[in-house]
Amino acid sequence: MSEQTHQQPATPETAGPAQPDFETMTRDIAEVPAVEVITTVAVHLMSSAAVNLGLAEDGADHKDLDEARKLIHALAGLVTASATEIGSYHAAPLRDGLKSLQLAFREASVVPDEPGEGPGEKYTGPVYG
């Protein structure tokens, strides 16, 4: 025999977190310029790659060159594909950050890739320090 419990209907105070308002979220994201979305995604990729390269505080605890390679490769594709769309004002710092990460990857690798074979170099061409 099972016990039955009496449950009170949910009220705003007891219902838990509110459901997202997708219409408002869609309208909000539609108001964000494409250049801002692209640069925000690029900065997230850069930050994650830097952490995986061991460049963050407690870096050795988070170092994962395989993950860093994937992130740098994705970043290179994004920056290369979007550069003409976002203009040199926005693309130049992204390219600089990408190059720094590519060089940091080469330095962090026990056996560095040949120039042109490193992460993202398929899109950027060989990276030299």
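Below is a short write-up of the structure. The structure presented is a predicted model; accordingly, all values stated were derived computationally and were not measured. (Residues numbered from 1 in each chain as written. Predicted model: local features only at pLDDT ≥ 70, side-chain atom pairs only at ≥ 80, totals over all residues. Heavy atoms only, no water.)

### Some words on the packing of helix H2 (residues 34-52) against helix H4 (residues 65-108)
Part 1 of the reasoning: Orientation of H2 relative to H4, taken along the N-to-C sense of each, is 150°, at an axis distance of 8 Å. As far as their axial angle goes, H4 and H2 are roughly antiparallel. Seen from above, H2 lies across H4 with left-handed handedness.
Part 2 of the reasoning: Looking at the contact of H2 with H4, its residues break down into 20 nonpolar, six polar and one charged. (Axes fitted to C-alpha atoms, helices over the stretch in contact; angles between N-to-C directions. Helix = DSSP H or I, 4+ residues; strand = E, 2+ residues; numbered from the N terminus. Parallel < 35°, antiparallel > 145°, perpendicular 65-115°, else oblique. Left-handed = near helix turned anticlockwise from the far one by under 90°. Nonpolar A, V, L, I, M, F, W, Y, C, P; charged D, E, K, R; others polar.)

### Quick notes on the pattern of salt bridges
Part 1 of the reasoning: Within this structure, the stated rule accounts for four salt bridges.
Part 2 of the reasoning: When the shortest N-O distance is used, the salt bridge between Asp-66 and Lys-70 registers 3.3 Å. Residue Asp-66 and its partner Lys-70 are both found in helix H4; the two are separated by four residues, about one turn of the helix.
Part 3 of the reasoning: By relative accessible area, which is 45% here, Asp-66 ends up partly exposed. (Salt bridge = Lys/Arg side-chain N within 4 Å of Asp/Glu carboxyl O. Buried < 20%, exposed > 50% of the residue type's maximum accessible area, 1.4 Å probe, protein only.)

### Notes on the nonpolar core
Part 1 of the reasoning: Counting residues in each nonpolar core, the largest one holds 21 residues, and the members touching the most others are Leu-53, Ile-72, Leu-75, Leu-94, Leu-98 and Leu-101.
Part 2 of the reasoning: If you list the elements that add at least two residues to this core, you get H2 and H4.
Part 3 of the reasoning: Broken down by element, this core gets its largest block of residues, 14 residues, from H4.
Part 4 of the reasoning: Residues within four places of Leu-94 in sequence aside, it is in contact with Thr-39, Ala-42, Met-46, Val-79 and Ile-86. (Core = buried A, V, L, I, M, F, W, Y, C linked by side-chain atoms within 4.5 Å. Contact = heavy atoms within 4.5 Å.)

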